[in-house]
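Listed below, chain by chain, are the residues.
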2 protein chains.
Amino acid sequence: MKVSTRGDYASRALLSLALHGATQTPTSVRDIAERTALPQPYLEQILLALKGAGLVRSKRGVGGGYVLAREPEEISLAQIVAAVDGPIVAGDFGEPHENGACDHEGQCVLLAVWAEVGEQIRNKLQNLTLADMVTRSTGTAA
Amino acid sequence: MKVSTRGDYASRALLSLALHGATQTPTSVRDIAERTALPQPYLEQILLALKGAGLVRSKRGVGGGYVLAREPEEISLAQIVAAVDGPIVAGDFGEPHENGACDHEGQCVLLAVWAEVGEQIRNKLQNLTLADMVTRSTGTAA
DNA sequence: GCGGTCTGCCTCGGACCGAAGCCGGTGGGA
DNA sequence: TCCCACCGGCTTCGGTCCGAGGCAGACCGC
């Protein structure tokens, strides 16, 4: 019942890009790692997953690095977490109301509940974009 | 980002007790395991944890077993899950706005978000009692 | 009251799996 | 030729899931 560090790290990395307004000039993995205090090799493969999901673009060679693929308003935390942690669900015990999944008492009722919880989390995270985070970050605290 | 099987199993077991209206006569672990199709030894220690949390009472010897400690209306899913899975949170990366926790950009903003998500899940599960589940179970599907 | 049996209580341990993180090599760009 | 993204594989670590086995309390028949 918790977000893995991958989700947290990925969010921090992209938030870092958004904070520096780096929608054009690439930022190297090393710079991101320094600014966010994250382990560099680990962050590397996380960024790779984010690229695979189409959330960032990369540029190789000298002066290369990563750039947000879309505007911060268009990137939600749900997309980030889903990209590195897989689909956002609460409990993976199959689907309710399907073949032999509900052959014991109360089972499919609980499955429905977990599904509702997962959906609620998704809704929450879909409404939080990187732009919102930037606003929160600059508006409230350090 | 998911409920462990412990939480699911514990919920199923208590729901089974509630469905059979066993607020007085004890039900043995073996019977619960049969009705819910759960591994009996595993279920045993889960029930032990639930007893430690004060959600069920036990009776030893012949004709012994487990009984709900309170009325189904008084037992929420949040209590059950918290009893077997620990506190319900989304991401355990420390607390926001404390000593050196927010010394890197955007960190405490994200911490606040995870905290919000966790709180939302807790609220949802606190509003779902065993009595609600019984109603859902008997009212809608098999 | 006494032993047997039924049950919960408790602990130990191990298989299994995913998370977390490091490393070396490859190849494309300036 | 240097820089840096890319690409795997690989290890370590801890948690989950579950079984085995023994101990202790409760009720029974006698």
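## Digging into the side chain of A:S137
Counting through the fold element by element, A:S137 comes out in helix α6 (residues 130-139). Taking the relative accessible area as the measure of exposure, A:S137 reaches 9% and is therefore buried. Among all residues touching A:S137, those that are not within four sequence positions of it are A:L19, B:G106 and B:V109.

## Quick notes on the interface of chain B and chain A
The partner chain A presents 47 residues to the 47 residues of chain B that form the contact. Counting the surface lost from both chain B and chain A, the interface buries some 4,300 Å², and carbon and sulfur atoms represent 67% of this. The tally of links between chain B and chain A comes to four salt bridges. Where chain B meets chain A, there are six residue pairs in polar contact (both at pLDDT 80 or more).

## Points about the pairing of strand β2 (residues 65-68) of chain B
Residue and element names in this part refer to chain B. Inspection of the sheet shows strand β1 (residues 56-59) paired to β2 by four bridges, in the antiparallel sense. In the sheet register, R57 faces β2, and the bridge partner there is V67. Joining the antiparallel neighbours β1 and β2 is a turn of five residues, in which G61 adopts a positive phi near 75°.

## Digging into empty space enclosed by the protein
Taken as a whole, this structure holds one cavity of 30 Å³ or more when the rule is applied. By volume, the largest cavity amounts to about 30 Å³. Around the largest cavity sit A:V117, A:Q120, A:I121, B:V117, B:Q120 and B:I121, which together line it. Counting only elements with at least two residues in the lining of the largest cavity, the list comes to α5 (107-126) of chain A together with α5 (107-126) of chain B. Of the residues in the lining of the largest cavity, the class split is four nonpolar, two polar and no charged.

## Considerations on the relation of the copies chain B and chain A
At an RMSD of 0.0 Å, chain B and chain A line up after a rotation of 180° and a shift of 0.0 Å along the axis. Put plainly, the chains are arranged around a two-fold axis. A shared binding surface is used by both copies, with 100% of the interface residues of chain B retained as interface residues in chain A.

Scoring rules and cut-offs
Residues numbered from 1 in each chain as written. Chains lettered and ligands numbered in written order. Predicted model: local features only at pLDDT ≥ 70, side-chain atom pairs only at ≥ 80, totals over all residues. Heavy atoms only, no water. Helix = DSSP H or I, 4+ residues; strand = E, 2+ residues; numbered from the N terminus. Buried < 20%, exposed > 50% of the residue type's maximum accessible area, 1.4 Å probe, protein only. Contact = heavy atoms within 4.5 Å. Buried area = accessible area lost by both parts, 1.4 Å probe. Salt bridge = Lys/Arg side-chain N within 4 Å of Asp/Glu carboxyl O. Polar contact = N/O pair within 3.5 Å; in protein donor to acceptor, adjacent residues only side chain to side chain. Pairing = 2+ DSSP bridges. 1 Å grid on protein atoms, 1.4 Å probe; cavity = no way out; pocket = protein on both sides within 12 Å on 5 of 7 lines; lining within 4 Å. Points joined across faces, edges and corners; volume = space filled by probe spheres on them. Nonpolar A, V, L, I, M, F, W, Y, C, P; charged D, E, K, R; others polar. Least-squares fit on C-alpha atoms with pLDDT ≥ 70 in both.

Function cannot be inferred from these measures alone, as they are strictly geometric.
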